[in-house]
Structures are given as C-alpha cells and as structure tokens.
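Notes for the structure review
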Amino acid sequence: MSLPGLLDPVALDAEPPAASLIRSVYVHAPFCARRCGYCDYAVTVAQTGDVAAWLAGLAGEVTALEDEGLFVLDSTLDTLYVGGGTPSLLGPEAMAGLGELLSYDRLEHADLEWTAEANPESLTPEVAQAWREAGVNRISLGLQTFHEPALAWMGRLHGPAEGVAAVENIRRAGFENYSVDLIFGLPERLDRPWSDDLDGVLRMEPPHVSLYGLSVEAKTPLGRSVAEGKETPASETRYAEEYLEAAERLTGAGYEHYEVSSFARPGFQALHNSVYWMGLPYLGLGNGSHSYLHPRRRWNVSDWDEYVRLTGDGQLPMEGEEVLEPVSVRLERVWLALRTRRGIRHDSLPAEACDLVRRWVAADLAKCDAGICRPTPLGWLSVDRLTLDLDGVL
Amino acid sequence: MLLDHIRNFCIIAHIDHGKSTLADRLLEATHTLDQREMREQVLDTNVLERERGITIKLHAVRMVYVAPGGAEYVFNLIDTPGHVDFTYEVSRSLAACEGAVLVVDASQGVQAQTLSNLFLALDADLEIIPVINKIDLPGAEPARRQEELADLLGVEPDSILLSSAKEGVGIEPILEAVVDRVPPPEGDPSAPLRALIFDSFYDQYQGAIPSIRVVDGAVRPGMEITFGAVTDRYEVTEVGFLRLGRVPQPELLPGEVGYVAAAIKAVSHTRVGDTVLDAANRAEDLLDGYQEVHPMVFAGLYPTDTDDYEAFKDALDKLKLNDASLHYVPETSVALGFGFRCGFLGLLHMEIVQERLDREFGVDLITTVPNVEYKVLLTDGSELAVESPAALPDRSRIESISEPIVKARILCPSEYIGNVQKLCHDRRGVFLGMQYLDTERVELEFELPLAEIVLDFYDRLKGGTRGYAALDYELLDYRVDDLVKLDVLVNGDPVDAFSIIIHREKSYDYGRDLVRRLKKLIPRQQFAVSLQATIGTQVIARTNVKAFRKNVTGKCYGGDITRKRKLLEKQKEGKKRMKQVGSVEIPQEAFMAVLQLGDS
C-alpha cells in the first residue's frame, strides 16, 4: 500500500494539484458511550450506535453529493477512514453496510487502506472479526495510557488490561496494520509514568504509534476546570520532555518519526492522514466532517440531529465552505510540509528563507541533508512558530 | 462711531456654569440673530467644542443694543476659551475688553476656573459684572452665592445680578449693566494704527484672518499692514465685524472689534497678542503683553500604520494652519518608525489635536508617554532644552537638569482634603496653603512639578474626589532636581520608545512596574529574553521572558486544517505588527499598552 509521491520532498513553489476525482473518504461515526473530558469533537452520547440511522444519513448525503456533482468519487478509492466518535460502538455490522453504501467496486483492491477507529472496551473479538471480513484492514486504537488513574481522570471507559486485550483481538482477527494512540502532557498531579507507558507500547510492537499532546480546549469540561483554576495542565517543560523522550525511544526502537505526531515501522505510514498532509483531495461524510478539493474546502453541520434532518430531506448537510486564496494555500502547504518528514527542497526556497533555515539548523530546530530541510523533534515542538517564520520570508 | 457707544466685554465662567447659554440669550435679546438663525450655543461652532462643552477657538460677535432710553450701543462680545491650557489666549482676549460678565452657577458656586479667570480679568483691569446663573435649578442657593461672591469681589451683595439663561430670566439687567458699568473704550483715531490680535482663524480662500481690537488709528482695505513680531507685509483686502458670518465694513476705528483679511499665509503670521501696524506709518510702541506661545507638554505621535506617514504629515500641516500653538518636528523611533515630536499647550490641547487628527483626517495614532520640557545645564556651561528623553545628552556631560514647576490650585469638597494632600504629596508636591470658600469647599494650593501633572494626575485627582475636584495651574519657574533618564533594555538593546525622564526616587517603582508589564506583553521567543530597567549603567529592575518551548503538537486531520490555518493566520497578523528590536520581536500592543496614558 502506498500513495504516489508519499515520500517525495515538498517543493514549496510547485503548483497546487489540479482538481480531480476524489480517492480518499473520511466517514464520521458520531457515537460515544461517554464524552471524554478533553474532547471537542462532534460526538453524540449513546450506549450503542444507531447503525441504521447512521447508514441512512450517509446514503442521503452521498445521493445529495452526486446530485451536486462537485465532489465526485473516483472508481477506486486509495483510502477510507472511519473516525469518531467511537466507530467500534456501531458494532460488527456497520462496516459492511458502509462498504456497500460506497460500493465494493471502489474498495475491493489490494492497495486500499481502510482504517477504522476503535476504543478498547468496544473492540470485541466479534467486532474485529466482522470488520476484517467487511474489508477493514487497519485499526486505530484509542489506547492512550496504561495508567489506571489517568484513564479514569480522562473519563475513558477502559482499564489497562482491556487495552492489552484489544490489541490481542486486533492481531487474532488477522490485522497486520494497526496503530495505537498514546496521549502525553497530562497534568503532573496524576503522576502518570510516561516511561512505563512507552515501555508498554514498545513491548506490544504495534506497526504504528500516534502520539498526541493533551490540548486544553476552552469549551470542554477540562478547559473549564483549567479556567477556574481547578486543574493545572502539564508545564511546558514536562510537555516537551515527554515528547522528546517518546521521539527518542520510538525512533531508537526502529520507528520512523514521519510526522509531528506519527511513528511507523517501515511501510506502515498512515496513508489516509498522509492525504491530508499532502494536500490531496478528500471527501468527508457524516456530521462535522470536512471535505477538500482544491481550492474548495467545506464542512458539514456538527449536530447529529441536524445532520439526520438535512440528509433525510435530500439536502446537503453542509454548514459552510471556503475557497482558499493563494496566500492561504501557501500557508497550509508550508505548515503541512513542515509537519512531515518528507522535508522541503532547498531549491524551492528564496535566499532569505535559506538564511532562516540555516538559523534553524544552528539552533537544532531542523536538519538539512542532500538539499532537503526537515525539522528535528525539537523543531516540531514549535512547528507553528517555524511555519510563521518561513511563510513570512516566502 | 462714537467711542461712548461701544462696549467690549466677555463672559468668564467655570465649565458648565452657563457661559454659552447666556451668550445665546444676549444674541437673541439684541435681535442679533433671529430664531431661524439661532442654534444652541452658536458661538461654539467646532464639533469637538460642542461635544466637550468648551470653547477652543475664540470668536467675537457684534450686537446692537437699544437701551431703555432709546440710545443705541454697539456691544462686542468676545468669547474666551475656558481651559487652563489656553490661559495666554484668554489673557489676550480679556485685553481686548473693558468689562467681563462673571458667571457663577447658583448651586456649585465659585470653582477653580472661576477664580483663575477672575484673576486674569482683574489683571487686565476689567470691570466685573458678577452674575449668579441657573437660579431656576433645584439646589440653587442664590442668596448664599451672592454673599460668597460679594466677599470675594469686595462689592455689595445686591450689585450681584441673578439670572437663568436657560429660562431667559434676568437677561435685560445684564445688558443694562454692560452699558452702565463697563467703561467705553479709549483710543486716538489720528494716531498710527495699533490693533491687538486676540484670535486668528484660517479660511481656505482668504488665508489667515486675525480677530482684532483696534486701539489707535484705523484699518481699511487697500492699506498695507505688518505686525510687531512678524515682518511680512500684506495688503488688506477686507475689514469688518462678525455676526453669524463676516460683515464687511469700510473701516475699523479705535475701540472697534472685527477682522482683517489680507491673504495672510498662515495663522502663525497672525499671532495672538501681536500688534497689527500700518506698514507705511509704523507706530513706535507695540501693545503690551505679547508672548511667544510656548508648548508645555510634549509627546511623540506615530501613525499606527507606517504607510500613513505622509498622510499624517499633511494632516499636521493643515491643522497647524488653524492652530498656531501646535508645534511639531519629525522624530524617528527605532521601535515606532517615523513620526513627529509634538508640543502642546497642555493635556487637553494634546487630546484635542489627537482627536482632530483622528476625526478630521482619519489618522490612527500611537502617542508616547507625554513629557515636559527640561532645561539641561551641561558641564561646559551651556544650556539645552530637552523635550524628548532620547535627546538627553550622556550623563557625563550633564551638570544638572531642571524641570518646570507649576502653582496648582485645587478646589474640592473639604471631606477630600486628605486624598488630595496625599496625591499631591505622592507627586512631589509642596503644600502652600488652603482656604475655605465656605464650610464645605476648600481651595488648596501646591507647587507641583508639571511632569507629575501630565502623567494621569487629573484622572487620579478626579478619582480621589469622586469627580468633584477642579484643577487649575500656572507655570511658576524651572527648578533643579534629581532627575534621571530611565531606559529599558530588551536583551541588552535599549528601546527608545520606553525611555523616560523621571525623578530618581520614583524611578525604582516605575522601572519595576514597567518591566513587569512588558513581561506579560512580549511573547516568548525561541530563546530567553532579558528585560532590564536601567539608569545609566545601573540596573534597577530586571526580569526574564522564558524561552518558547512548544506549540500544541496535536493531531492534524482533515477537519483540523481550516481551524488551525485560521489560528496561524491570526498569529501571522499579530506577527506583522511586531517590531524587531535587536533579535527580539515586540508586538505593537506592548508599545501601546506601555506608552498610552491612563494605565500606569
């Protein structure tokens, strides 16, 4: 499995990709058994997902899109990603239903990456098995940590043992490709043993690890308790130390740190996410999802009931869209290019930018090799700042 | 015209005591303006003046009054600005009069400006006609105010008139008193021309047009005139008096008040207090009292957007045509770019100029901390006037620095004496004495450094007296004190816009507060940034802005890109407004927050 140009360095002065047919689809599964304290996603709390309503909504949206004719799917897809929410809450049957909805003609080929997200408590052997049979070939597991108090603090519904069991289920069902999510930067008072968690993950030897820093969003319960002074986020020093330690240990264990938050064994890069980072077109289905076909980006209503109502009426569930100005396209490209290991070609940079890059190298924020500049993990810690500095001299 | 039938007078009052309303009633009662022409407070034509209820520019209006016996009198009502910043202009307009109607609010009584204006009027030997106004209002105590004024002026209480200008009550007796009590002007019609300029305004077609009071001789079209302080000669194109507009006349004779048009380039040629002379027959003596107007308060004005520099310069040039007391010279700041160091008569004048630049010319400005003009004695014995901290020479060359000291008069209810005393003490004030105006109101006198007044003194004074205090001051002299220049170093580089001249005793608190505030405003950089407040080589306060460690290294999926890009774009906007000082980026907001008034 791969994508054309996946490993090529970025030329910042290249033309954006010409509009084309869409070969990547994201589908949002909005249901969660419980909302986590830090989550600001489009999520509907329910003990089980309403699979029928979900598929009906998606079917309505696909029909409305076909009527509109702007976002058109190609005859085969490269990637399909079912995220959430908690897709595993939808139970065993949902993925087959989705495959039929999108048409198996598009999906039944050897190069497809079909990922579904799962949480340990709902990824039962039956679900894993049924998904495998439906065509899902990659699972992204919300493991987060093995530390019980931290899981409880986050409001997760699984314990450490269920995390281990879920990885077992994934393997037994025959998935070679899967990813585990690890969260870092938790409040220091939780005494979460970061090194132990890294040990635990390395022992599992997953082909892919996603590493996310806890971010405090204002409109979440966590954001409110921080604002009220009831919770103290990890210090910046702690945050940076955990990130750099993870980068060092995972890289040392043979993982490639190929994107700010992503580590993979060779050949196991997340293709669907790479589509986002490469600026390729994608279609988002479901409430709160985003679609992109240069230069247009649009997003759906985030409210589930509203989504059901609009798709039921045969309307597009669109909330808004933007047509990107060249200056925004450039900013996104600089930012996304700096986020990945693909690197930026020196010969696509003006002289002033080369001076800037030299200063980065001197400060250990980037490395240059064979005419290609790539941020170091230290540089990735402040990738937004690097982005603005570089964009400012283009 | 017979001099006997001319009366030149003005109205003086504390702000809001009813001066403009009374002027309106006089215009109505003399049928100078009919109802259709009548607007509220016709003399205050400038929008800003109307909003602030104060008179900035002077005006003179001619009225004809028919006395009860049938005799006709020409009244020239000369309006005066009502603020301490314009004391000199007030004194010149008073010099054009023989009498003054002193208006006092029946409930508020004598206030700070009542006194300062009264003293100016007495200095000018004017006949005072005291009037208690607003007698219709609840809370009015006319009898008590009459006693108070009688004490102050040394006159009989029943010579003090009562009025309600708003209701049109008591207007006729005021007009009669002007005839009876104000002496007619004197002057020699056959002597060479001497006329006093008490105001000047700029007309885009006819140039600068001075308002004048003829003392001797006559001025008429075709004559060539010149001035005491300016040697240029101009041919008079028109003379006349003001009513609702200009009313041309064949000539202006002694005792008369009016205007002269002579295609004069700018109001800086028609300086208030100067004497208009006949170029062909120059009088030997000039009229007394002319002074160069000297700015008291200085500040750097910089366009927020550096691209607006040319527009800003044009706006200042245009404003200057109309406001001779505005001074400015180009100034460059490392931090703020190109701008002007401007001199103002006082804080109100500064605010007015800022607002006019904003409203009439649409220029968005950053104003630096205002300061006064210091006199610096150098070790080589020479003296230097310094109006910007940046212009202060190296310490090794300075023998001493002296600063302007004012005599301040503060009126407030007696319960706030403690607060006022404390404030003035904190501001290095020297208490001179106090005097009860009645059982509740007291007048305190202090010597204060002007520099302490220009830094939000007035707001503090109002705050400490629940808004009741009134302040007035006049320049006393310059005095040597232990004044130092405080600099702020960012990573070792001095940032000129943050420098200030300050008394040594106050420098420590100021320096600590300043670096603390800057620490909050300067975003963290890739490296630690040191902030220091220094006097010479001595560091009096320091702190560090820690190095920037992280952005949120979060996920980035399809739905995150737009939101995240918008955040980046917002940061990009902020970054654009950053000023690079050495290796450190300082946001404009940091300059604004530190430099702008009212928040120290």
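Sequence positions are assigned chain by chain, starting from 1 and proceeding in written order. The naming scheme follows written order: chains are lettered A onward, ligands numbered 1 onward. A pLDDT threshold of at least 70 governs which residues receive local features in this predicted model, and a stricter bar of 80 or more applies before side-chain atom pairs are shown or counted, although totals over entire chains, interfaces and linings include all residues. No hydrogens and no water enter the side-chain calculation; it runs on all heavy atoms of the structure.

**Some details on the sheet that holds strand 6 (residues 138-144) of chain A**
All names here are of chain A.
- Pairing within the open sheet is mixed, and its 9 strands lie in the order 9-10-8-7-6-5-4-1-11. Single-partner strands in this sheet number two, and they are strand 9 (256-259) and strand 11 (283-285). Averaged over all pairs of adjacent strands, the angle between strand axes in this sheet comes to 20°, irrespective of strand direction.
- Here 6 bridges tie strand 7 (residues 177-184) to strand 8 (residues 208-213), and the two strands are oriented parallel to one another. Paired with F184 across the two strands is G213, which belongs to strand 8.
- Its contacts with the sheet put helix 1 (residues 51-68) on strand 1 (24-29), strand 4 (79-84) and strand 11, and the angle it makes with strand 11 is roughly 140°. A pair of strands is considered paired only if DSSP assigns at least 2 bridges between the two. The helix count covers DSSP runs of H or I at least four residues long, the strand count covers runs of E at least two residues long, and both are numbered beginning at the N terminus. Lines fitted to C-alpha atoms define the axes, with helix axes restricted to the stretch in contact, and inter-axis angles between N-to-C directions lie between 0 and 180 degrees. Contacts were defined at the residue level, with two residues in contact if any of their heavy atoms lie within 4.5 Å.

**Concerning the packing of helix 9 (residues 417-426) of chain B against helix 11 (residues 457-464) of chain B**
All names here are of chain B.
- At a minimum axis separation of 9 Å, helix 9 and helix 11 run at an interaxial angle of 155°. With respect to their mutual orientation, helix 9 and helix 11 come out roughly antiparallel. Judged by the twist between their axes, the crossing of helix 9 over helix 11 is right-handed. Between helix 9 and helix 11, the contacting residues are N419, V420, L423 and C424 on the first element and F457, R460, L461 and G464 on the second.
- Split by residue class, the contact of helix 9 with helix 11 holds 5 nonpolar, 2 polar and 1 charged. Roughly parallel covers angles under 35 degrees, roughly antiparallel covers those over 145, roughly perpendicular covers 65 to 115, and oblique covers all other angles. In this scheme, a crossing is called left-handed if the near helix is turned counterclockwise away from the far one by less than a right angle; it is called right-handed if the turn is clockwise. Polar here means any residue other than Ala, Val, Leu, Ile, Met, Phe, Trp, Tyr, Cys and Pro, which are nonpolar, and Asp, Glu, Lys and Arg, which are charged; Gly is therefore polar.

**Some details on the interface of chain B and chain A**
- On the chain A side, the residues contacting the 27 residues of chain B number 47 residues.
- Summed over both sides, the interface of chain B with chain A buries roughly 3,400 Å², with 53% coming from carbon and sulfur.
- Each reported salt bridge corresponds to a side-chain nitrogen of Lys or Arg within 4 Å of a carboxyl oxygen of Asp or Glu. For the pair chain B and chain A, the number of links is 6 salt bridges.
- Side-chain atoms alone can form a polar contact between residues adjacent in sequence; in general such a contact is a pair of N or O atoms within 3.5 Å, and within protein one must be able to donate a hydrogen while the other accepts it. Taken together, the connections running from chain B to chain A amount to 12 residue pairs in polar contact (both at pLDDT 80 or more).
- Of the residues in the side of chain B that touches chain A, the class split is 6 nonpolar, 9 polar and 12 charged. Reported buried area values correspond to the accessible surface (1.4 Å probe) lost by two parts on association, with both partners' losses combined.

**Topic: the packing of aromatic side chains**
- Any two of the Phe, Tyr and Trp rings considered here, Trp counted by its six-membered ring, make a pair once their centres fall within 6.5 Å; the pair's planes then place it as stacked at under 30 degrees, edge-to-face at over 60, or tilted in between. Scanning the entire structure with this criterion turns up 20 aromatic pairs over all chains.
- When the centroid spacing of 6.1 Å and the interplanar angle of 20° are considered together, the rings of Y26 of chain A and Y81 of chain A count as stacked. Taken together, the residues Y26 of chain A in strand 1 and Y81 of chain A in strand 4 connect sequence positions 55 residues apart. For the residue pair Y26 of chain A and Y81 of chain A, the accessibility class agrees, reading buried in each case.
- An aromatic cluster of three or more residues is present, and its members are Y26, Y81, Y276, Y282 and Y292 of chain A together with Y557 of chain B.
- One residue, R297 of chain A, lies across the ring of Y292 of chain A, its end atom 4.5 Å from the ring centre.
- By definition here, charges over rings are those cases where NZ of Lys or CZ of Arg is within 6 Å of the ring centre and within 35 degrees of the ring normal. A cation over a ring is seen here: K375 of chain B above Y478 of chain B, with NZ or CZ 4.0 Å from the ring centre. Whether a residue is buried, partly exposed or exposed follows from its accessible area with a 1.4 Å probe, protein chains only, as a fraction of its type maximum: under 20%, in between, or over 50%, in that order.

**Some points on the sheet that holds strand 16 (residues 327-333) of chain B**
Residues and elements named next belong to chain B.
- Taking strand neighbours across the sheet as the criterion, the 4 strands line up as 16-17-15-18 in an open arrangement whose pairing is antiparallel. The open sheet terminates on both sides in strands that have one partner only, identified here as strand 16 and strand 18 (365-367). Taking each pair of neighbouring strands and ignoring which way they run, the sheet shows an average axis angle of 30°.
- Across 5 bridges, strand 15 (residues 297-303) lies against strand 17 (residues 337-344) in antiparallel orientation. When the sheet's bridge partners are listed, A299 is paired in strand 17 with C342.
- Running at roughly 20° to strand 17, helix 7 (residues 309-322) makes contact with strand 15, strand 16, strand 17 and strand 18 of the sheet.
- Sheet contacts for helix 8 (residues 347-361): strand 15, strand 17 and strand 18; angle to strand 15, the most-contacted strand, approximately 15°.

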